[in-house]
There are 2 protein chains.
Amino acid sequence: MSKTCNSYSKGQHIFREGDRVFGLFFIKEGRVKIVSSGFNNREQIARLATNGHIIGHRGYGNELYPVSAIALDETYVCFVDNSTIYDAFMNNAKFTYELMLFYSTELRKAELRLRYLAQMTMREKIAGALLYLLDIFGEDEQDGSLNVSLSRQELADLAGTTAEQVSRELTSFEKESIIAKHSRKLILLNHEELNKILSSHNMRIAASSWAAI
Amino acid sequence: MSKTCNSYSKGQHIFREGDRVFGLFFIKEGRVKIVSSGFNNREQIARLATNGHIIGHRGYGNELYPVSAIALDETYVCFVDNSTIYDAFMNNAKFTYELMLFYSTELRKAELRLRYLAQMTMREKIAGALLYLLDIFGEDEQDGSLNVSLSRQELADLAGTTAEQVSRELTSFEKESIIAKHSRKLILLNHEELNKILSSHNMRIAASSWAAI
DNA sequence: ACGTATTCCTGCGTTATTACAGGAATTATG
DNA sequence: CATAATTCCTGTAATAACGCAGGAATACGT
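Cut-offs applied
Residues numbered from 1 in each chain as written. Chains lettered and ligands numbered in written order. Predicted model: local features only at pLDDT ≥ 70, side-chain atom pairs only at ≥ 80, totals over all residues. Heavy atoms only, no water. Phe/Tyr/Trp six-rings, centres within 6.5 Å; stacked < 30°, edge-to-face > 60°. Helix = DSSP H or I, 4+ residues; strand = E, 2+ residues; numbered from the N terminus. Buried < 20%, exposed > 50% of the residue type's maximum accessible area, 1.4 Å probe, protein only. Lys NZ or Arg CZ within 6 Å of the ring centre and 35° of its normal. Least-squares fit on C-alpha atoms with pLDDT ≥ 70 in both. Contact = heavy atoms within 4.5 Å. Buried area = accessible area lost by both parts, 1.4 Å probe. Salt bridge = Lys/Arg side-chain N within 4 Å of Asp/Glu carboxyl O. Polar contact = N/O pair within 3.5 Å; in protein donor to acceptor, adjacent residues only side chain to side chain. Nonpolar A, V, L, I, M, F, W, Y, C, P; charged D, E, K, R; others polar.

1. Quick look at the packing of aromatic side chains
Considering all chains together, one arrives at 14 aromatic pairs over all chains under this definition. Measuring from ring centre to ring centre gives 4.9 Å for Phe25 of chain B and Phe79 of chain B, while their planes differ by 55°; the resulting arrangement is tilted. Taken together, the residues Phe25 of chain B in strand β3 (residues 23-29) and Phe79 of chain B in strand β8 (residues 75-81) connect sequence positions 54 residues apart. The residues Phe25 of chain B and Phe79 of chain B share a single accessibility class, namely buried. Arranged with centres 5.3 Å apart and planes meeting at 35°, the rings of Phe89 of chain B and Phe95 of chain B form a pair that is tilted. In this structure Phe95 of chain B comes out as partly exposed when scored by relative accessible area, which is 28%. Clustering of aromatic rings is evident, with ring pairs tying together Phe15, Phe25, Tyr65 and Phe79 of chain A. The cationic tip of Arg113 of chain A hangs over the ring face of Tyr132 of chain A; the distance from NZ or CZ to the ring centre is 5.3 Å.

2. Quick word on the relation of the copies chain B and chain A
Of the transformation placing chain B onto chain A, the axial shift is 0.0 Å and the rotation is 180°, giving an RMSD of 0.0 Å. The transformation just described matches what one would write down for a two-fold rotation axis.

3. Focus on the interface of chain B and chain A
Of the residues lining the interface, 47 residues belong to chain B; the matching set on chain A comes to 47 residues. Counting the surface lost from both chain B and chain A, the interface buries some 4,800 Å², and carbon and sulfur atoms represent 66% of this. For the pair chain B and chain A, the interface holds four salt bridges. Linking Arg108 of chain B and Glu63 of chain A is a salt bridge whose minimum nitrogen-to-oxygen distance equals 1.9 Å. The interface formed by chain B and chain A holds eight residue pairs in polar contact (both at pLDDT 80 or more) in total. Elements supplying a minimum of two residues to the side of chain B that touches chain A: β4 (31-37), β5 (43-50), α1 (82-91) and α2 (93-119) of chain B. Top element by residues in the side of chain B that touches chain A is α2 of chain B. It accounts for 22 residues. For the side of chain B that touches chain A, the class distribution of residues is 22 nonpolar, eleven polar and 14 charged.

Here it is as structure tokens:
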């Protein structure tokens, strides 16, 4: 049994684009972004993960990671290597089955996001990104703020636009009383309206699609 | 054992966005596009599949398809229902394991494409779409043309742009001797150059990333 | 083969997005 | 608490992408 656990502080890499794949990581506690590096300091956040989520994947041969995983917080992660996973799979059909379903669900989410990124306007992308954060991290019980703290640039990397546009649009949303913002603390005042922005151009997809992603 | 096979002709739906999920489809012969419907007649092609590929996914409860699958050709597909799949999974760890790996691979491809669609220019997206077609369908041994016939609109749906831009860019590529086109028959004359277009703005991702997608 | 319907090409005006830059606000540091 | 460093906001100019429209090429049906 080869399982090792580690803490990572904010900004630290859990694995890097180009590293060899030796096994899977399970997030015990914390928040992680999965990013592919771009040009001009531009990154794309492929997905966000938190407690209980799996990151990375089991590797074949000399396979390399196509993305990096970076801690957003103090994060505690356990690693299980390829052969241990393989043994677990062969001895526990139910476990393999569950993991298969996990990947198939993630794939569907990614396919949906493909459309959003390819076709949405900036305003829609940013509304979608906020709802995505709500779905993954939830909001604080006290003040209703999103349980995550991202820079404007990170929001842009998630939404697929630039930091300037995020600033502009958040200001607009605030003027329209859809959100409140106090620096990086964001409060979604009107979930309904955010869903409407997303679905306004698209009556065929349920308004809650993003929430399901 | 509940397995039924069917032929679908060009343009027919294999399943539709919003249908209940009853099981998995296996493509025996043909070509299929997986699309999410957009607004203004705009679709997004989430992925393309051919012989031996799996489409759809096993469903939980009342789950609905978030995308549609449409035949591009005369296509022969076999369907296996949820409970049959479940039994197969529980009795054949190796099979479940293989399927888990398939989904995990597809997920990685989708995550990479997210970045491409979010950050690339038109020209790069279209070069990427051509290389994607090459990877999935290959080229004819006789004349070297891509083994698939898509309209300009469908190419646009794949690349995440408009049909006009695809026309324009294909013409440019032809002038630069990167491709030859005879209506819908496209010949990639210079794979190297297409890869260069993709990687020109991005030295950190291997030039062949798209081909691996 | 002929006429008709569809798809494709391409110029051009419009719109949306990006990039730059300077100042304001926030956070970090001694 | 004061200063420095970073991040954030917002105006403006440049650029890229979109969409219309008319003509050309191609596919389709009889």
